[in-house]
Amino acid sequence: MGKTIIKKAIGFISVIWFLFISIISPLWTGCIYMYITGHSKGYAYDLGSEADVSIFLGIILLIFWLLAILPVTALLCKKCYNKRKSFIVLPLLAFIILYAAVVYISGWKEFLKFFGCF
């Protein structure tokens, strides 16, 4: 009985973490892009010698984001696969839908500002 409660608690926490990371991923990926391209202070600034530090921090942010999203996504895909084989794509679809919803709510132009389009 105790093991099932722990498994349910881990599943619940995994879903909450997955939802949280999925919701903040548009902001996070935009910031990663800005850091990796050397525009961590915005597109109007020239970082000069600080560009190397910006790129390094972008790589660190990318690693953190991957460590935050990949294990929980793999766990949820495995749980969904164990329920029914066709459910394996549900966590991936949920991530895409939440990502797109946040981009839609915040505005397409605001999202594209991270990538220097506006």
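Conventions used here
- Residues numbered from 1 in each chain as written.
- Predicted model: local features only at pLDDT ≥ 70, side-chain atom pairs only at ≥ 80, totals over all residues.
- Heavy atoms only, no water.
- Salt bridge = Lys/Arg side-chain N within 4 Å of Asp/Glu carboxyl O.
- Helix = DSSP H or I, 4+ residues; strand = E, 2+ residues; numbered from the N terminus.
- Contact = heavy atoms within 4.5 Å.
- Patch = residues over 30% accessible without salt bridge, like charges linked within 9 Å, V, L, I, M, F, W, Y side chains within 5 Å.
- Areas by Shrake-Rupley, 256 points an atom, 1.4 Å probe, with all protein chains shown as cover.
- Buried < 20%, exposed > 50% of the residue type's maximum accessible area, 1.4 Å probe, protein only.
- Core = buried A, V, L, I, M, F, W, Y, C linked by side-chain atoms within 4.5 Å.

Peer 1: Is there a simple way to think about the pattern of salt bridges in this case?
Peer 2: Two side chains bearing opposite charge may form a pair once their charged atoms approach each other closely. What the rule picks out here adds up to one salt bridge. Where E110 meets K113, a salt bridge forms, and the shortest distance between an N and an O atom there is 3.2 Å.

Peer 1: So what exactly am I meant to see when it comes to the side chain of S22 here?
Peer 2: Tracing the sequence through the fold places S22 in helix α1 (residues 2-36). In this structure S22 touches I69, F95, L98 and Y99, once residues within four positions along its chain are discounted.

Peer 1: What am I meant to see in a nonpolar patch on the surface here?
Peer 2: Side chains of I36, I55, I59, L62, I63, F64, L66, L67 and L70 sit close together on the surface and give an oily, nonpolar patch of about 750 Å² of accessible area. Sort the elements by how many residues they give to the nonpolar patch and helix α2 (residues 51-83) lands first, with eight residues. Inspection of the secondary structure assignment puts L62 in helix α2. Given a relative accessible area of 31%, L62 falls into the partly exposed group.

Peer 1: Even after reading the chapter, I still don't get the nonpolar core, so can you show me in this structure?
Peer 2: Soluble, globular proteins show a tendency: their nonpolar side chains are buried together. Grouped together as the largest cluster of nonpolar side chains are ten residues: F18, I21, W28, I32, W65, A68, I69, V72, L76 and F95. Those elements that place two or more of their residues in this core are α1 and α2. Filtering out sequence-adjacent residues up to four positions away, F18 remains in contact with I69, V72, T73, L76, P91, A94 and F95.

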